[in-house]
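# Secondary and tertiary structure notes
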Amino acid sequence: MKCRKCGRKAVINMRQHKLALCAQDFLTWFVKQTERTIHRDALFEQGSNVLVAVSGGKDSLALWHVLQQLGYPCNGLYIGLGIDDGSAYSDRSRACAQQFADQHGMNLKVVDVAASHGATIPEAAQVTRRGAGKPCSVCGLTRRYLMNRAALEGGYDVLVTGHNLDDEAATLMGNTMNWLVGYLESQAPLLPEKPGFVRKAKPFHRFYERETAAYALLRGIDYIQEECPYSADAKSIYYKKVLNQIETDRPGAKQAFYLSFLQARDQIQFTGSGERGPLPDARCSTCGQPTRGGRQCAFCSTWQNVRARNKPLEPGR
Ligand code: AMP
Ligand code: FES
Ligand code: ZN
């Protein structure tokens, strides 16, 4: 197969775009498409001060690389979750993020959950009832909260994550299979800023996962290839598999499923129960963040509970 632009040997064929490209033209196309998405979806403006949430995986490192090329002032944020499970997953993902930052002369802020909050994510999951002992629920809550706080405290205009179209389509499938209306309402490539919450954007939401992987590989970015060990039985992986099966039979179906949802959501009358709904009046008594019901926000009450129940046993007991 030949590159549509120059006729040299193509390295990737993107059937949903009917576009095959060689390495050089793919890299140029990828950066231009990211810029186009940022403008088309009004994610943020040129010159915005960007905080990139970096997991050490291909998507977020590729995103950091592309945004730097596009001239955005951007720093990285890595959240150390303390996931070991015999594979030193967190240590190795942090090392990938740090190595990337060092190689490219970029600035990475690291927030370690155990050091700042007294327990790793797996430890926290064992002592709370959130997520029935599985770490994913407390992990998601903690990551979202800490990312938002770091972005607000650092005075950033926008927090960006590396979510790609496969991630978004799998989430959409989960949300529609269970008709989670509040989640459907807040599933968007842009969540505008509001008091207590930084603007959040997903500049890669129109790329297939294989495209972000191709960018990282062609750029020689060293990233952690495994998924989190706790995601092995996650529903999202199952939904990705199902969507890929549909995509094999009908190229472009995954893209159509997700992008037509984005169009449809503008016509749907939501009740305002999701993150996009009106701001609650109540403020968390511990951190001051707006919160729905209760004295404390979910993050503060969860971690207070974790610290109370995760006290190490005294010597001799
Ligand atoms: P995931 O939910 O693991 O698919 O990750 C989605 C996005 O969240 C990644 O592309 C990153 O931008 C961000 N992210 C995930 N884990 C971390 C982490 N430990 N620290 C900072 N950002 C993260
Ligand atoms: Fe959070 Fe797996 S439990 S990344
Ligand atoms: Zn709070």
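Residues numbered from 1 in each chain as written. Chains lettered and ligands numbered in written order. Predicted model: local features only at pLDDT ≥ 70, side-chain atom pairs only at ≥ 80, totals over all residues. Heavy atoms only, no water.

## Brief notes about a positive patch on the surface
The condition that has to hold: Each patch is built from salt-bridge-free residues with over 30% relative accessible area, joining like charges within 9 Å and nonpolar side chains (Val, Leu, Ile, Met, Phe, Trp, Tyr) within 5 Å. Accessible surface area values rest on a Shrake-Rupley calculation with a 1.4 Å probe, where residue burial reflects the displayed protein chains alone. Any Lys or Arg side-chain nitrogen located within 4 Å of an Asp or Glu carboxyl oxygen qualifies as a salt bridge. The sign given to each residue is positive for Lys and Arg and negative for Asp and Glu; His and the chain ends receive no count. A single reference atom marks each charge: NZ on Lys, CZ on Arg, CG on Asp, CD on Glu. Going along the chain from the N terminus, every DSSP run of H or I of four or more residues is numbered as a helix, and every run of E of two or more is numbered as a strand.
A cluster of basic residues, Arg4, Lys5, Lys32, Arg36 and Arg40, forms a positive patch at the surface. Mapping Arg40 onto the fold places it in helix 1 (residues 23-40).

## Examining the site of ligand 1
Heads up, the condition is: The rule for a residue being near a molecule or strand is that one of its heavy atoms must lie within 4 Å of it. For this analysis, a polar contact is any N or O atom pair within 3.5 Å, provided that within protein one partner can donate a hydrogen and the other can accept it, and provided that sequence-adjacent residues contribute only side-chain to side-chain pairs.
Taken together, 13 residues lie around ligand 1, and Ala53, Val54, Ile79, Arg143 and Gly162 are the ones closest in. Note that an oxygen atom of ligand 1 is positioned 2.5 Å from one of the backbone N or O atoms of Ala53. Ile79 is positioned such that a nitrogen or oxygen atom in its backbone is 2.9 Å from a nitrogen atom of ligand 1. Burial of ligand 1 by the protein chains amounts to 78% of its free accessible area of 480 Å². When residues of the shell around ligand 1 are traced back to their parent elements, those giving at least two are strand 4 (74-80) and helix 6 (135-153). Looking at the shell around ligand 1 element by element, the count peaks at three residues for strand 4.

## Points about the coordination of the zinc ion (ligand 3)
How we decide: Water is not among the atoms examined, so metal sites may look incomplete; donors are the N, O and S atoms within 2.8 Å of the metal, or within 3.2 Å for Na, K and Ca. A site with four donors is called tetrahedral when every donor-metal-donor angle falls between 85 and 135 degrees; four donors are called square planar, and six octahedral, when opposite donors sit more than 155 degrees apart and all other angles fall between 65 and 115; any other arrangement is irregular. Note on classification: 1.4 Å probe, protein chains only; a residue is buried when its accessible area is under 20% of the maximum for its type, exposed when over 50%, partly exposed between these limits.
Around the zinc ion (ligand 3), the protein contributes the donor atoms Cys284 (SG), Cys287 (SG), Cys297 (SG) and Cys300 (SG), which lie 2.2 to 2.4 Å from the metal centre. Here the zinc ion (ligand 3) binds four donor atoms, and the angle range of 104 to 117° at the metal identifies the geometry as tetrahedral. Within one chain, the residues serving as donors to the zinc ion (ligand 3) are arranged as C-x2-C-x9-C-x2-C. With Cys287 in the loop between helix 11 (253-265) and helix 12 (298-309) and Cys297 in the loop between helix 11 and helix 12, the pair connects residues that are 10 residues apart, well separated along the chain. Look at Cys297 and you get buried, because its relative accessible area is 5%.

## Some points on unusual backbone geometry
With a phi close to 50°, Lys18 is a non-glycine residue in the positive phi region. Secondary-structure assignment places Lys18 in the loop between strand 1 (12-14) and strand 2 (19-21). One non-glycine residue, Trp179, lies in positive phi territory at about 45°. Along the chain, the position of Trp179 falls in the loop between helix 7 (165-177) and helix 8 (181-186).

## Points about the state of the cysteines
Where we set the bar: A pair of sulfur atoms, both from cysteines and within 2.5 Å, is called a disulfide here.
Tallied over the full model, the rule gives zero disulfides. Cys6 provides the cysteine sulfur closest to Cys3, a residue in no disulfide bond, and the two sulfurs are 3.7 Å apart.

## Regarding the environment of Tyr239
Filter applied, for reference: When checking whether two residues touch, look at their non-hydrogen atoms; a contact exists if any pair is within 4.5 Å.
Mapped onto the elements, Tyr239 comes out in helix 10 (residues 235-249). Separated by 57 residues in sequence, Tyr239 and Gln296 place their C-alpha atoms 34 Å apart. Apart from residues no more than four positions distant in its own chain, Tyr239 is found in contact with Ala170, Met173, Gly174, Met177 and Asn178.

Read these as spatial facts, not as claims about activity.
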